[in-house]
Amino acid sequence: MANIMYWEAIQRAHDEEMARDPLVICMGEDIGVAGGTYKATKGLYEKYGPLRVMDTPISEGGFTGLGIGASFLGVRPIIELMSVNFAWLAMDQMFNSAAKVRYMSGGQLTAPCVFRSAGGAAHQLGAQHSARMEKVFMGIAGLRVVTPSNPKQAYGLLKSAIRCDDPVFINEHELMYNMKGEVPDGEYFHPLEGSDIARAGTDVTLFGYNISVHWCLKAAEILDKQYGISAEVVDLYSLSPLDRAGIKASVSKTHRAVIAEEDEAPVGVGSEVIAIINEECFFELDAAPVRVHSALVPQPYNHTLEKAAIPDHEDVVKAVLKLFGKA
Amino acid sequence: MKIEDKKRVLREMVLHRRFEERCYQAYIERKIGGFLHLYPGQEACCNGVMEAARPGHDYVITGYRDHVHAIKCGADPKAVMAELYGKETGSSKGRGGSMHIFDGDKRFMGGYALVGGPFPLAAGIAKAIQLKGGDEIAICFLGDAANNQGVFHETLNMAALWKLPVLFVCENNLYGIGTSIERSTAVIHQHKRVAAYNIPADECDGQDIEVVYEAARKAVDHVRSGNGPYFLELMTYRYRGHSMSDSRGYRSREEEELWKQRDPIFILRDRLIKEGALTMADYEALEKETDAYIENEVIKFSEESPEPRVEDLEKYVFADRETQLPWLTGKAA
């Protein structure tokens, strides 16, 4: 096991896959000569050259469509959208071309591409650089959506996404690129479907994904030490499809659920997970499930307002205490 | 063009025209649903360019007015009509419809219904060709109105920057849905807009197939020789409305008649008659023969083919699950 950063894990997955298959390429703004805004493609330009590590013009719709077109012929492009906010400009191609081409061609064409993007609110980046857009991507037929919460997942999910014949959107987080964690020394493929139990528990299930897994883990620690509540933390690294069986299994065990997301409500992972709980194990519930989410506002610049707009582990603790009638 | 080729292409163009007219009839009979965009009037564009290219070898992509492009690349007219009928035997197994005809084996990469959407896809196909080192080219057929989308400019810039083997064919039929080019576009002659990107561009008459063919030969040679992209604008006209719900109230019948004086099929037919290679009786026989083929084979096949099974509703959303299990479950060998 190597203890490496999230960005290093992503870089390593790129490097291994590009060394293995000459049709794996990567493209995006500043990913080549500059090495990538978050260093996720560092050193690849020098190693694989400009034909395979493409510094693109700032034309998100254009270069995303270009990568998708190349994938029709078996090229496996890893397309980096520097910020998920810029992905709005590429969504026509991602949704109308990549996600639908297999279906509307009756299975003849497929778009095996990977879209990687940094989402989430960082520090005071304002309304147009702080978006969470999971809820938009997870509702698209034909598109897989995964979101790594640690370096191991960041490495293994990217490896699997490159190999998979379906288009995959990988939602990363601006605040997580320097997070350290254990990654297997040998080649490792994280499943694109399912969920991970990040911490086992018996009294309540805390569902999180990406950065909110860390709020849940911190909350579970506090709940255990200060309140004697045993919380299970389920990491929903696959947002599309969501792990119906995993959600059912955990809630059937704990009988209570809190879903924590950085995305805003209404519409999102929280509402979807609650719908699944209702469909799969409603009568197992001891209390109505609760969601913890951001306020529905364009992200404010002011530090205090920004902090108020986004939840954290304390909000998760509060939600759990409310479930137990302790708040 | 050689006489034999012209005679063969005339036969194809008559098939293309009669096929489209038969679609019109089937739509009126409610055998075909959805939107239907027909090609009559523009036949010399697709045929002239593809005579200069290599159908089935070069990759072709286009918009929603796509039936004839698919057939010209080698798609079976029966499969194309069955697609319009929504049948399992259709070129997209009934899942695509008129605007989404595909034939992967013939390298017809599809019809797309977002105006301008195929521009970057075509450049991507060219990028794949460049990476793989083949002698194919990508050919992108779109209308003039697509050039008002942002991706037109984004794609031209990238295609020129990376010297991609892609030929952009602009079929300038003077209307974007129901708005004339004068009312939507500051520059009527589209090839002028391309000059800004250092891409060689040419414009010619899109009604005379021999003119199109000569211009396309130069264009195809340029791209296939590794010189990067090329833009060819063909001045043409669609006889019917944008789609079936269009009553053509935005243009005069006189204008339509004027264009019909320069019908691409009649221009070729009359030239062959003048050259002594064809008689009017031959031509009339060809029309009858074509109609009989469409009725007895194409329509019959489409009528008799089965519907897709409802159980297969979700088939083709994702790749076959069994083949993807190592990545979906993480249990890679």
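Only a predicted model underlies this, so the values are computations on that prediction, with no experimental measurement involved.

Draft legend 1. Spatial organisation of the domain arrangement of chain A. Residue and element names in this part refer to chain A. By domain assignment, chain A separates into domain 1 (2-183) and domain 2 (196-323). Placing the centre of domain 1 and that of domain 2 at their C-alpha centroids yields a distance of 26 Å. Contact with domain 1, which involves 30 residues of that partner, is made by 30 residues of domain 2. Both sides together, the interface formed by domain 1 and domain 2 hides about 2,300 Å², and carbon and sulfur atoms give 51% of it. Applying the counting rule to domain 1 against domain 2 returns four salt bridges. Between E262 and R132 there is a salt bridge, and its shortest N-O distance comes to 3.7 Å. Scanning the region where domain 1 abuts domain 2 turns up 22 residue pairs in polar contact (both at pLDDT 80 or more).

Draft legend 2. Structural detail: the layout of surface pockets. Residues and elements named next belong to chain A. Taken as a whole, the largest pocket encloses approximately 450 Å³ of empty space. At the level of elements, α8 (211-227), α11 (303-309) and α12 (313-323) are the ones that each hand at least two residues to the lining of the largest pocket. Class assignment of the residues belonging to the lining of the largest pocket gives a composition of seven nonpolar, four polar and seven charged. Each of domain 1 (2-183) and domain 2 (196-323) contributes no fewer than three residues to the lining of the largest pocket. Space inside the second largest pocket adds up to approximately 310 Å³.

Draft legend 3. Structural context of the packing of aromatic side chains. A full pass over the atoms with the stated rule returns 13 aromatic pairs over all chains. Sitting above the plane of the A:Y155 ring, A:R12 keeps its charged end 4.2 Å from the centroid. Geometry around B:Y24 places B:R240 over its ring, the cationic atom sitting 3.7 Å from the centre.

Draft legend 4. Geometry of the pattern of salt bridges. Following the criterion strictly, the structure yields 55 salt bridges over all chains and no others. Between A:E17 and A:R163 there is a salt bridge, and its shortest N-O distance comes to 2.6 Å. Residue A:E17 is located in helix α1 (residues 6-20), and its partner A:R163 is located in helix α7 (residues 151-163); the two are separated by 146 residues in the primary sequence. B:R271 is paired through a salt bridge with B:D208; the nearest N and O atoms lie 2.6 Å apart. One end of the pair, B:R271, is in helix α11 (residues 264-274); the other, B:D208, is in the loop between β7 (201-205) and α9 (209-224), with 63 residues separating them in the sequence. For B:D208, a relative accessible area of 10% corresponds to the buried category. The structure contains a network of salt bridges with shared partners spanning A:R12, A:E16, A:E17, A:R20, A:K159, A:R163 and A:E187.

Draft legend 5. Quick look at empty space enclosed by the protein. All names here are of chain A. On inspection of all chains with the given rule, the structure shows three cavities of 30 Å³ or more. What the largest cavity holds in volume is close to 60 Å³. The element contributing the most residues to the lining of the largest cavity is strand β7 (residues 168-173), with three residues. Of the residues assigned to the lining of the largest cavity, the class counts are two nonpolar, six polar and five charged. Two domains each put at least three residues into the lining of the largest cavity: domain 1 (2-183) and domain 2 (196-323). Taken as a whole, the second largest cavity spans an internal volume of roughly 40 Å³. Tallied by class, residues from the lining of the second largest cavity come to six nonpolar, two polar and two charged.

Draft legend 6. Seen up close, unusual backbone geometry. All names here are of chain A. Cis geometry marks the peptide bond from S240 to P241, where omega comes out at 0°. One can find P241 in the loop between β12 (238-240) and α9 (244-254). Looking along the chain, the bond that leaves A265 and enters P266 is cis, with omega of 5°. Turning to its location among the elements, P266 is positioned in the loop between β13 (257-264) and α10 (269-281). Positive phi, close to 55°, is recorded for Q124, a residue that is not glycine.

Draft legend 7. Quick look at the interface of chain B and chain A. Contact with chain B, which involves 46 residues of that partner, is made by 48 residues of chain A. Here chain B is connected to chain A by one salt bridge. For A:E193, the salt bridge identified is with B:R321, shortest N-O distance 2.7 Å. The interface formed by chain B and chain A holds 18 residue pairs in polar contact (both at pLDDT 80 or more) in total. At the level of elements, α5 (118-132), α6 (150-161) and α13 (321-329) of chain B are the ones that each hand at least two residues to the side of chain B that touches chain A. Per-element accounting of the side of chain B that touches chain A gives the leading share, eleven residues, to α5(B). A per-class count over the side of chain B that touches chain A returns 25 nonpolar, twelve polar and nine charged.

Draft legend 8. Inspection of the sheet that holds strand β8 (residues 230-235) of chain B at higher detail. Residue and element names in this part refer to chain B. Strand order in the open sheet formed by six strands is β2-β1-β3-β4-β8-β7, with parallel pairing between adjacent strands. In the strand order of this sheet, the two ends are held by β2 (108-111) and β7, each with one partner. Neighbour to neighbour, the strand axes of the sheet diverge by 15° on average, direction disregarded. Pairing geometry for strand β3 (residues 138-143) and strand β4 (residues 166-172), over six bridges, is parallel. Among the inter-strand pairings, G143 is bridged to a residue of β4, identified as E171.

Draft legend 9. Here's a closer look at the sheet that holds strand β10 (residues 204-208) of chain A. All names here are of chain A. Overall, mixed pairing links the five strands, which are arranged β9-β11-β10-β13-β14 in an open sheet. Across the chains shown, the open sheet's two edge strands, defined by having one partner strand only, are β9 (196-199) and β14 (290-294). Strand after strand, the sheet turns through a mean of 25° between neighbouring axes, direction not considered. Contacts from α9 reach β10, β11 (231-235) and β13, with the element oriented near 150° to β10. With respect to the sheet, α10 is in contact with β10, β13 and β14, its orientation differing from that of β13 by roughly 150°.

Draft legend 10. Up close: the nonpolar core. If you look at the biggest cluster of nonpolar residues, it comprises 81 residues, and the most contacted ones within it are A:F72, A:F137, A:F207 and A:L236. With eight residues, the single largest contributor to this core is α5(B). A domain-level breakdown of this core finds at least three residues from each of domain 1 (2-183) and domain 2 (196-323) of chain A. Excluding anything up to four places from it in sequence, A:F137 contacts A:V84, A:A87, A:M91, A:M94, A:F95, A:L143, A:V145 and A:F169. Grouped together as the second largest cluster of nonpolar side chains are 62 residues, A:V146, A:A219, A:A260 and A:V292 included.

Draft legend 11. Structural context of the side chain of B:D208. Reaching out from B:D208, the side chain makes a polar contact with the backbone nitrogen of B:E210 at a distance of 3.0 Å. When neighbours within four sequence positions are excluded, B:D208 is seen to be in contact with B:A44, B:R262, B:I267 and B:R271.

Draft legend 12. Main features of the environment of A:T37. Residues and elements named next belong to chain A. As for its position among the elements, T37 is in the loop between β2 (24-28) and α2 (44-48). Looking at T37, the relative accessible area reads 40%, which means it is partly exposed. Distance from T37 to S83, taken between C-alpha atoms, is 9.6 Å for residues 46 residues apart in sequence. Filtering out sequence-adjacent residues up to four positions away, T37 remains in contact with D30 and M82.

How each quantity is defined
- Residues numbered from 1 in each chain as written.
- Chains lettered and ligands numbered in written order.
- Predicted model: local features only at pLDDT ≥ 70, side-chain atom pairs only at ≥ 80, totals over all residues.
- Heavy atoms only, no water.
- Domains from an automatic or database assignment.
- Contact = heavy atoms within 4.5 Å.
- Buried area = accessible area lost by both parts, 1.4 Å probe.
- Salt bridge = Lys/Arg side-chain N within 4 Å of Asp/Glu carboxyl O.
- Polar contact = N/O pair within 3.5 Å; in protein donor to acceptor, adjacent residues only side chain to side chain.
- 1 Å grid on protein atoms, 1.4 Å probe; cavity = no way out; pocket = protein on both sides within 12 Å on 5 of 7 lines; lining within 4 Å.
- Points joined across faces, edges and corners; volume = space filled by probe spheres on them.
- Helix = DSSP H or I, 4+ residues; strand = E, 2+ residues; numbered from the N terminus.
- Nonpolar A, V, L, I, M, F, W, Y, C, P; charged D, E, K, R; others polar.
- Phe/Tyr/Trp six-rings, centres within 6.5 Å; stacked < 30°, edge-to-face > 60°.
- Lys NZ or Arg CZ within 6 Å of the ring centre and 35° of its normal.
- Buried < 20%, exposed > 50% of the residue type's maximum accessible area, 1.4 Å probe, protein only.
- Pairing = 2+ DSSP bridges.
- Axes fitted to C-alpha atoms, helices over the stretch in contact; angles between N-to-C directions.
- Core = buried A, V, L, I, M, F, W, Y, C linked by side-chain atoms within 4.5 Å.

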